[in-house]
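# Inside the fold
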Amino acid sequence: MTPETVVMKFGGTSVADAERLKRAAARIVHQREAGRRVVAVLSARGHTTDELIAMAEEVSPHPDPREMDMLLSTGERQSCALCAMAINDLGHRAISLTGSQAGIVTDTSHTKARIIDVRADRIRDALNDDLIVLVAGFQGVSTSRDVTTLGRGGSDTTAVAVAAAIGAAVCEIYTDVAGVFTADPRVVPTARKLPMVSFEEMLEMAASGAKVLQLRSVEYARTHGVKIHCRSSFDESPGTFVIGEDETMEHPLITAVTHSTDEARITLTGVPDRPGVAAAIFRALADANCNVDTIIQNEPREEGRDAEVSFTIASEDLRAAERALDPIMSELGIAEIDTDREIGKVSIIGAGMRSHPGVAAQVFETLADREINIEMISTSPIKISCVIRSEAVPQAVQALHEAFQLSLAEVHEERPIGQEAR
Ligand code: ASP
Ligand code: MG
């Protein structure tokens, strides 16, 4: 019988310096010695990716995307080669592979490529030769044979895709936090680590600002049924399992409060009120690869008057969005474009709200009590998001966390004696 295979992914902080990298190597070896076959996916060390981006911007205002990918992909290669050296010194045999060597095939959209296939024969062969395999995260090779990268945080998606391709028992994501929390512990010190969360909730959390996992990695895991375990690289305690909804035992009303201040709002005023206008606007944004979130369109009160359209996008896409909208503005006769970078978003997520009325009212009341003005609202069956001023975000997160009683102390109180929380 072939032993179980695990994928272990280490984030940038977990391999930031020589000491941490050696610690990661020791952890990998530990799993191997416990009889498992190990594929480790590594991120670039520390702030390497940011530094590489800054380097590119120093020589070019709009770096060519293909060359950007050639540059950015080097960060993860460094980590893997160094880790292989450290593992070899521990008396095990390791081989490092680039994304391309590992068979990660993507589409051709540079800096935001999507994985379309994992041809894992080389990984499998190396595992069969008893090697520990290190795969450079965040990168692949496109169908036109160029090096691509998968977007910020993309090593998570590499790890999940590799786990799916080789049928790994679990995809472990080692990071500098102990798991997935009911809120960002830096904003809410009493936030609680969740023992498990469903794919659906995790998707909403990743989409609304939780930084533990890249959104695409969660989508990929859900589609391919990969079990994810997010845990700390600094201790042995279990973290958070991300699993199918039918497997989770708890169905709390609200699972978490998330927030984001990395978004901007674009408002178009004087938009002609006729069919096809919204389609043209959002087609242009889609073609420029800009992911739009909350959209609000105001119908003009009198016929023949102009409408107003506003929407939120990631701040990093703002420039691309403005460039994409420029030709559309004159073509359609849109009067004005206005951008606002000072927005923030708070969201509450919970599978239990599907069947529970009154959650939205409680969210709005909580924010009203703190005199926080809500500028936009968007919902899904398991999420309510409010766009507010960015400076009000910490207060809003704390208030909602308290209103829905998500802190450790509150959970303890609810439990009958003898059933303390783990
Ligand atoms: N190094 C890349 C980034 O910083 C990918 C990753 O770490 O997942 O976004
Ligand atoms: Mg990450």
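The residue count restarts for each chain, going from 1 along the sequence in the order it is written. Written order determines the labels here, with chains lettered from A and ligands numbered from 1. Residues qualify for local features only when their pLDDT is at least 70, as the model is predicted, and side-chain atom pairs are given and counted only at 80 or more; totals for whole chains, interfaces and linings, by contrast, use all residues. Computation of side-chain values covers all heavy atoms of the structure but excludes hydrogens and water.

### Observations concerning a negative patch on the surface
Stated precisely, the cut-off is as follows: Residues enter patches when their relative accessible area tops 30% and they take part in no salt bridge; the joining distance is 9 Å for like charges and 5 Å for the nonpolar side chains Val, Leu, Ile, Met, Phe, Trp and Tyr. In short, Shrake-Rupley with a 1.4 Å probe defines the accessible areas, and a residue's cover is counted only from the protein chains shown. Salt-bridge detection follows one rule: a side-chain nitrogen of Lys or Arg within 4 Å of a carboxyl oxygen of Asp or Glu. Counted as positive: Lys and Arg. Counted as negative: Asp and Glu, with His and the chain ends omitted from the count. Charged groups are reduced to one reference atom each: NZ for lysine, CZ for arginine, CG for aspartic acid, CD for glutamic acid. Here a helix means four or more residues in a row that DSSP labels H or I, a strand means two or more in a row labelled E, and each is numbered from the N terminus.
A cluster of acidic side chains, namely Asp273, Glu299, Glu303 and Asp306, defines a negative patch on the protein surface. Along the chain, the position of Glu303 falls in the loop between strand E15 (292–298) and strand E16 (307–314).

### Topic: the environment of Thr267
Within the element layout of this structure, Thr267 appears in strand E14 (residues 263–271). Sequence separation of Thr267 and Glu336 is 69 residues, and the distance between their C-alpha atoms is 8.1 Å.

### Focus on the packing of helix H6 (residues 199–207) against helix H7 (residues 215–224)
Using the following cut-off: Axis definition: a line fitted to C-alpha atoms, limited for helices to the stretch in contact. Angles are taken between N-to-C directions and run from 0 to 180 degrees. Any angle that is under 35 degrees is reported as roughly parallel, and any over 145 degrees as roughly antiparallel; angles of 65 to 115 degrees are reported as roughly perpendicular and all others as oblique. For any helix crossing, the convention is left-handed if the near helix is rotated counterclockwise from the far helix by under a right angle, and right-handed if that rotation is clockwise. Any two residues having at least one pair of non-hydrogen atoms within 4.5 Å are treated as being in contact. Each residue gets one label: Ala, Val, Leu, Ile, Met, Phe, Trp, Tyr, Cys and Pro are nonpolar, Asp, Glu, Lys and Arg are charged, and the others, such as Gly, are polar.
For the pair H6 and H7, interaxial distance at closest approach is 9 Å and the crossing angle is 165°. Put simply, H6 runs roughly antiparallel to H7. Classified by chirality, the crossing of H7 by H6 is left-handed. Within the contact between the two elements, H6 uses Phe199, Glu200, Met202, Leu203, Ala206 and Ala207 and H7 uses Leu215, Val218, Glu219, Ala221 and Arg222. Among the residues forming the contact of H6 with H7, the class breakdown is eight nonpolar, no polar and three charged.

### Points about the nonpolar core
Just so we agree on the cut-off: What is meant by a nonpolar core is a set of buried Ala, Val, Leu, Ile, Met, Phe, Trp, Tyr and Cys residues, joined one to another through side-chain atoms within 4.5 Å. Think of it in three bands: with a 1.4 Å probe and only protein chains considered, a residue is buried below 20% of the maximum accessible area for its type, exposed above 50%, and partly exposed in between.
In terms of nonpolar packing, the biggest core is built from 46 residues, with Val7, Val39, Ile123, Ile166 and Met202 touching the most fellow members. No other element matches the six residues that helix H5 (residues 155–166) contributes to this core. Beyond its immediate stretch of four places on either side in the chain, Val7 contacts Val39, Val41, Ala159, Val162, Ala163, Ile166, Ala168, Val170, Cys171 and Glu172.

### Description of the pattern of salt bridges
Inspection of the entire model under this criterion finds 24 salt bridges. Salt-bridge contacts for Arg32 lead to Asp130; the nearest nitrogen and oxygen are separated by 2.5 Å. Here Arg32 is found in helix H1 (residues 18–33), whereas its partner Asp130 is found in the loop between helix H4 (121–128) and strand E6 (132–136), with 98 residues between them in sequence. A residue is classified by how much of its surface remains accessible, and Arg32, at 18% relative accessible area, is buried.

### Re the site of ligand 1
This is how the line gets drawn: Distances are taken per atom, and a residue is near a molecule or strand as soon as one of its heavy atoms is within 4 Å of it. As used in this structure description, the phrase polar contact means that two N or O atoms lie within 3.5 Å; if the pair is within protein, one of them must be able to donate a hydrogen and the other to accept it, and residues adjacent in sequence are counted only when both atoms belong to side chains.
Around ligand 1 sit Ser43, Ala44, Thr49, Glu76, Phe138, Arg152, Gly153, Gly154 and Ser155, and that is every residue in its neighbourhood. Within the side chain of Thr49, one N or O atom sits 2.8 Å away from a nitrogen atom of ligand 1. Its free accessible area being 260 Å², ligand 1 has 86% of it covered by the protein chains.

### A short note on the packing of aromatic side chains
Spelled out, the test is: A pair of aromatic rings is counted whenever rings of Phe, Tyr or Trp (Trp by its six-membered ring) have centres within 6.5 Å, and the orientation is called stacked for planes under 30 degrees apart, edge-to-face for over 60 and tilted otherwise.
One pass over the full model with this rule turns up two aromatic pairs. With 4.7 Å between their ring centres and 10° between their planes, Phe10 and Tyr174 make a pair best called stacked. Here the residue Phe10 occupies a position in strand E1 (residues 5–10), and Tyr174 occupies one in strand E9 (residues 170–175), the gap between them amounting to 164 residues. For the pair formed by Phe10 and Tyr174, the shared burial category is buried. Here the aromatic rings of Phe282 and Phe311 are separated by 5.3 Å at their centres, their planes lie at 70°, and the arrangement is edge-to-face. Taken together, the residues span a long stretch of sequence, with Phe282 in helix H8 (residues 277–287) and Phe311 in strand E16 at a distance of 29 residues. Assigned by exposure class, Phe282 and Phe311 land together as buried.

### Quick notes on H7
As a reminder, the rule being used: Each direction from the helix axis to a C-beta atom contributes to the arc, which is the arc of those directions.
Turning to H7, its buried residues number three or more, namely Ser217, Val218, Tyr220 and Ala221. End-on view of H7: buried residues confined to an arc of 165°, all on one side of the axis. At its buried positions, H7 is contacted by strand E5 (115–118), H5, H6 and strand E11 (228–232). Gly225 occupies a position one or two residues after H7 and carries a positive phi of about 65°.

### Overview of the sheet that holds strand E19 (residues 376–380)
What counts, and what does not: Two strands are counted as paired when DSSP detects at least two bridges linking them.
Spatially, E13-E18-E20-E19 is the arrangement adopted by the four strands of the open sheet, whose pairing is antiparallel. Each edge of the open sheet is held by one strand with a lone partner, namely strand E13 (256–260) and E19. Strand-to-strand twist of the sheet, defined as the mean angle between neighbouring strand axes without regard to direction, takes the value 20°. One ladder, built from five bridges, connects E13 with strand E18 (residues 343–349); its direction is antiparallel. Counterpart to Val257 in the pairing with E18 is Ile348. Against the sheet, H6 engages E13, E18, E19 and strand E20 (383–389), with an angle of about 170° to E18.

By themselves, these figures tell us nothing about what the structure is for.
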